Amino acid sequence: MIVDCAIYRDGHRSEGPEDFSDALSEARAAGGFVWIGLHEPTEREFDHVTQEFGLHPLAVEDALKAHQRPKLEVYDDSLFVVLKPVTYEPESDTVSAGEIMIFLGDSFVVTVRHGEGGPLKAVRNRLEHEPDLLGNGPTSVLYAVADAAVDHYLDVATELQADLEGLEAEVFSPDDGGSRNTASRIYNFKRQVLEFRRATGPLALPMSRLAGTAPSGVAVPFVDDRARPFFRDVSDHLTRVNESVENLDRLVSDILSAHLAQMSVRQNDDMRKISAWAAMAAIPTMVAGIYGMNFEHMPELRWEWSYPVLIAVMAVLEVLVFRLFKRRGWL
């Protein structure tokens with residue numbers, strides 16, 4: 001569905017004609033650009049946009065099917081950029097990623113959003129209150145959307161770091177070292193970090209190309225050269241995010257290893273205690289077994305004090321073994 005369509009001249013909004021072709025012609029004649037926003041359009045809805053703006057069929061296919069990696073592709077008549085904004089729900093410890101596809105031409109911007117949590121509405125409102133920035137043309141839209149997405153990455157990384165510290169405190173708690181569900185929670189957290197990485201990692205190269213710092217050094221068409229410093233700022237923020245994601249992934253792996261090691265140590269302690277109690281139980285069992293064999297020639301059986309003496313001997317042996325195991329930390 002079409003969420004919004006407007007023409008921007010000198011950074012100010014004006015409602016354009018309903019026909020996209022007329023809107024594009026009017027925008028070019030006025031030295032402005034037209035910005036069309038769509039949310040999960042159907043193939044039929046997008047056909048009209050494709051024909052009017054001459055979008056490449058491969059990019060159109062990606063925009064309709066979604067589930068794309070962040071990327072930047074250059075075609076003859078437009079630039080195609082894919083971003084993956086993310087949201088984090090602390091209550092369920094879930095990272096979910098949407099998708100924003102941006103078609104950028106000489107006098108038009110077409111944004112296609114899939115999923116929830118996209119920053120497009122907030123970006124459009126922000127730009128419409130900053131006419132100096134919006135006056136730089138379609139490049140300003142691409143920069144503002146990328147900047148909003150990457151800034152939110154920083155917020156998500158901070159929230160993930162706070163939750164990871166909670167998991168770390170639980171694992172290294174002096175009480176029990178975590179509950180039975182701790183391992184599954186850690187593993188689920190690792191999956192969320194991986195989902196976050198899928199959104200941030202592949203975006204590094206497209207941002208480098210837009211910033212002009214990629215190894216190729218080739219300028220990206222349809223992007224104003226004056227915007228390179230702004231994209232370098234976005235690229236720097238993205239680098240910080242990717243470093244945070246790497247640290248999160250490394251730390252959560254270490255925490256999982258530490259938790260499993262603690263579980264193994266705890267099991268070993270339990271086995272030592274069980275073995276110690278079994279050894280203590282073996283003493284009276286052995287003595288009782290000897291005197292339960294019913295041999296005829298066992299002189300001590302006829303001794304008046306044999307029973308209390310045997311009980312005393314077993315008690316002394318039990319005390320000695322108990323003290324030995326206690327001293328060695330088995331009990």
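The rules behind these values
Residues numbered from 1 in each chain as written. Predicted model: local features only at pLDDT ≥ 70, side-chain atom pairs only at ≥ 80, totals over all residues. Heavy atoms only, no water. Helix = DSSP H or I, 4+ residues; strand = E, 2+ residues; numbered from the N terminus. Rg over C-alpha atoms; globule rule 2.2 N^0.38 Å. Buried < 20%, exposed > 50% of the residue type's maximum accessible area, 1.4 Å probe, protein only. Contact = heavy atoms within 4.5 Å. Areas by Shrake-Rupley, 256 points an atom, 1.4 Å probe, with all protein chains shown as cover. Lys, Arg positive; Asp, Glu negative; His and termini not counted. Charge placed at Lys NZ, Arg CZ, Asp CG, Glu CD. Pairing = 2+ DSSP bridges. Axes fitted to C-alpha atoms, helices over the stretch in contact; angles between N-to-C directions. Domains from an automatic or database assignment. Parallel < 35°, antiparallel > 145°, perpendicular 65-115°, else oblique. Left-handed = near helix turned anticlockwise from the far one by under 90°. Nonpolar A, V, L, I, M, F, W, Y, C, P; charged D, E, K, R; others polar.

1. Thoughts on the overall build of the protein
Item 1. Looking only at helices and strands, the protein has 10 helices and nine strands in total.
Item 2. Over its C-alpha trace the protein gives a radius of gyration of 35 Å, far above what one expects of a compact globule, namely 20 Å for 331 residues.
Item 3. On the principal axes, the C-alpha backbone points of the protein span a range of 125 × 40 × 35 Å.
Item 4. Within the protein, the proportion of its 331 residues that are buried is 41%.
Item 5. Once local pairs closer than 6 in sequence are excluded, the contacts in the protein between residues at least 24 apart make up 64%.
Item 6. Counting every atom, the protein has about 18,000 Å² of accessible surface; 54% of that belongs to carbon and sulfur.
Item 7. Taken as two groups, the 32 positive and 51 negative side-chain charges of the protein have centres that lie 9 Å from each other.

2. Digging into the sheet that holds strand β4 (residues 71-74)
As a general point, the strands of a sheet are linked pairwise by backbone hydrogen bonds and lie either parallel or antiparallel.
Item 1. Taken together, seven strands build an open sheet; the order of strands is β2-β1-β3-β9-β8-β5-β4 and the sheet is mixed. Every interior strand has two partners, whereas the edge strands, β2 (12-14) and β4, have only one. Neighbour to neighbour, the strand axes of the sheet diverge by 20° on average, direction disregarded.
Item 2. Bridge analysis of strand β3 (residues 33-39) against strand β9 (residues 108-114) gives six bridges, and the strand direction is parallel. In the strand pairing of β9, Val-34 is matched with Phe-108.

3. Describing the domain arrangement of the protein
Think of interface size as the accessible area that goes away when the parts come together; that is how it is often given.
Item 1. Along its sequence, the protein is organised into domain 1 (2-263) and domain 2 (265-328).
Item 2. The centre of domain 1, based on its C-alpha atoms, is set 72 Å off from the matching centre of domain 2.

4. Comments concerning the packing of helix α7 (residues 182-200) against helix α9 (residues 228-290)
Item 1. One can describe the packing of α7 onto α9 by two numbers: an axis separation of 10 Å at closest approach and a directional angle of 160°. Between α7 and α9, the interaxial angle falls into the category roughly antiparallel. Of the two elements, α7 crosses α9, and the hand of that crossing is left-handed. Contact residues: Thr-182, Ala-183, Ile-186, Phe-189, Lys-190, Val-193, Phe-196, Arg-197 and Thr-200 in α7; Leu-238, Val-241, Asn-242, Val-245, Glu-246, Leu-248, Asp-249, Val-252, Ser-253, Ile-255, Leu-256 and His-259 in α9.
Item 2. Its residues assigned to classes, the contact of α7 with α9 shows 12 nonpolar, five polar and four charged.

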